[in-house]
Amino acid sequence: MEIPPAGWRKSAIHPRRQWPREVRDFVPWLASNINQLGALLDCDLTVVARGQVMWEATAIRPDLVAQTADGDLVLIEAQLGRSDNRHLGQLLVYAAAGGFSQLVWVIADMSDVPAVDPNHARAIALLGKALTPFGITVAMVEATVETDWYPPHADPGAFEMTPRLCLVDLTSAAMPRYDYR
């Protein structure tokens, strides 16, 4: 964890100021910054499809499909706003369609509540556990738009806002929430 000098701080903006629309702004940004996502996932990625129908019979249209250096396909579901059931459902449908070695859900939101609903994190953790024997990994990534550390009394508006990606820790998410005795 990065420790700033005493009194220094960071500033963040709502992702919708950077990317007003999911399909028009956020997905293209992810596509053009696929190397940043690849570094986070510890693989080289190349975008091979964006918003294209992958299987005619189902009309599945993933946000992004990338390919690793080994030729494996990675499905990337992008979402502006707090994680929701619709995007989780889409990810499940994509997983069922098959052919992917990795499923990645990238979420960008900044509100009073966390961007990733704990129930969705638990669902993704369980999905990952279920798919691991089949050679499929699952990841959740949170996108933020923030400054670097800046000194006290400085105007945060004078510092460049930089989009950043961070893996969501799913290790504690897999724990059951309720005890049904």
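Not measured: the values here are computed from a predicted model.

What follows covers the side chain of Asp63. Relative to the elements of secondary structure, Asp63 occurs in the loop between β2 (45-50) and β3 (64-68). Lacking a salt bridge, the buried Asp63 has Arg86 as its closest oppositely charged neighbour, with an N-O distance of 7.2 Å. Polar contacts involving the side chain of Asp63 include one to the main-chain amide nitrogen of Ala78, which spans 2.7 Å. Excluding residues within four positions of it along the chain, Asp63 makes contact with Val27, Ala49, Arg50, Gly51, Ile76, Glu77 and Ala78.

Buried residues dominate strand β5 (residues 102-108), accounting for seven of its seven residues. Covered by surrounding structure in β5 are Gln102, Val104, Val106 and Ala108 together with Leu103, Trp105 and Ile107, the residues of both alternating faces. Remark: the strand β4 (residues 73-80)/helix α4 (residues 85-97)/β5 crossover connection has right-handed handedness. Both β5 and strand β6 (residues 137-146) contribute to a ladder of seven bridges, which runs parallel. Note that in β6 the partner of Gln102 across the bridge is Thr137.

This paragraph deals with the environment of Arg17. With respect to the helices and strands, the residue Arg17 is situated in helix α1 (residues 15-18). Classification of Arg17 as exposed rests on a relative accessible area of 64%. Measuring from C-alpha to C-alpha, the distance between Arg17 and Val145 comes to 9.0 Å, with 128 residues separating the pair along the chain.

Under the 1.5 Å per step criterion, the end-to-end length of helix α5 (residues 118-131) is 20 Å for 14 residues, consistent within 8% with the ideal 20 Å. Considered for burial, the residues of α5 that qualify are His120, Ala121, Arg122, Ile124, Ala125, Leu127, Gly128 and Leu131. Against the buried residues of α5 lie α4, β5 and β6. A side-chain oxygen of the first residue of α5 lies 2.6 Å from the backbone nitrogen of Asn119; this N-cap is Asp117.

Tallied over the entire structure, the rule returns two aromatic pairs. Judged by centre distance (4.7 Å) and plane angle (50°), the ring pair of Trp19 and Phe26 falls under tilted. Across the pair, exposure class does not vary: Trp19 and Phe26 are buried alike. Measuring from centroid to centroid gives 5.1 Å for Trp19 and Trp29, while their planes differ by 50°, and the two rings are tilted. Within this pair, whereas Trp19 is found in the loop between α1 and α2 (22-32), its partner Trp29 is found in helix α2, the two being separated by ten residues in sequence. A relative accessible area of 2% means that Trp19 is categorised as buried. Take Trp29: its relative accessible area is 14%, and that puts it in the buried class. An aromatic cluster of three or more residues is present, and its members are Trp19, Phe26 and Trp29.

Criteria and thresholds
Every residue gets a number counted from 1 within its own chain, in the order that chain's sequence is written. Reporting in this predicted model follows two pLDDT cut-offs: at least 70 for local features of residues, and 80 or more for side-chain atom pairs to be given and counted; totals over whole chains, interfaces and linings ignore these cut-offs and use all residues. Neither water nor hydrogens contribute to the side-chain values; these are computed over all heavy atoms in the structure. Secondary structure elements follow DSSP: runs of H or I no shorter than four residues count as helices, runs of E no shorter than two count as strands, and numbering proceeds from the N terminus. Buried means the residue's accessible area, taken with a 1.4 Å probe over protein chains only, is under 20% of the maximum for its type, while exposed means over 50%, and partly exposed covers the values in between. Counted as positive: Lys and Arg. Counted as negative: Asp and Glu, with His and the chain ends omitted from the count. We define a salt bridge as a side-chain nitrogen of Lys or Arg found within 4 Å of a carboxyl oxygen belonging to Asp or Glu. Polar contacts here mean pairs of N or O atoms no more than 3.5 Å apart (in protein, one a potential hydrogen donor and the other a potential acceptor; neighbouring residues in sequence count only if both atoms are side-chain atoms). The criterion used for residue contact is that any of the two residues' heavy atoms lie within 4.5 Å. With strands facing away from the observer, any crossover in which the path from the first strand over the helix to the second runs clockwise is taken as right-handed. Strands were regarded as paired on the criterion that DSSP finds at least two bridges between them. Expected span of a helix: the number of residues minus one, times 1.5 Å. The criterion for an aromatic pair is that two Phe, Tyr or Trp rings (for Trp, the six-membered ring) have centres within 6.5 Å, with stacked assigned to planes under 30 degrees apart, edge-to-face to planes over 60 apart and tilted to the rest.

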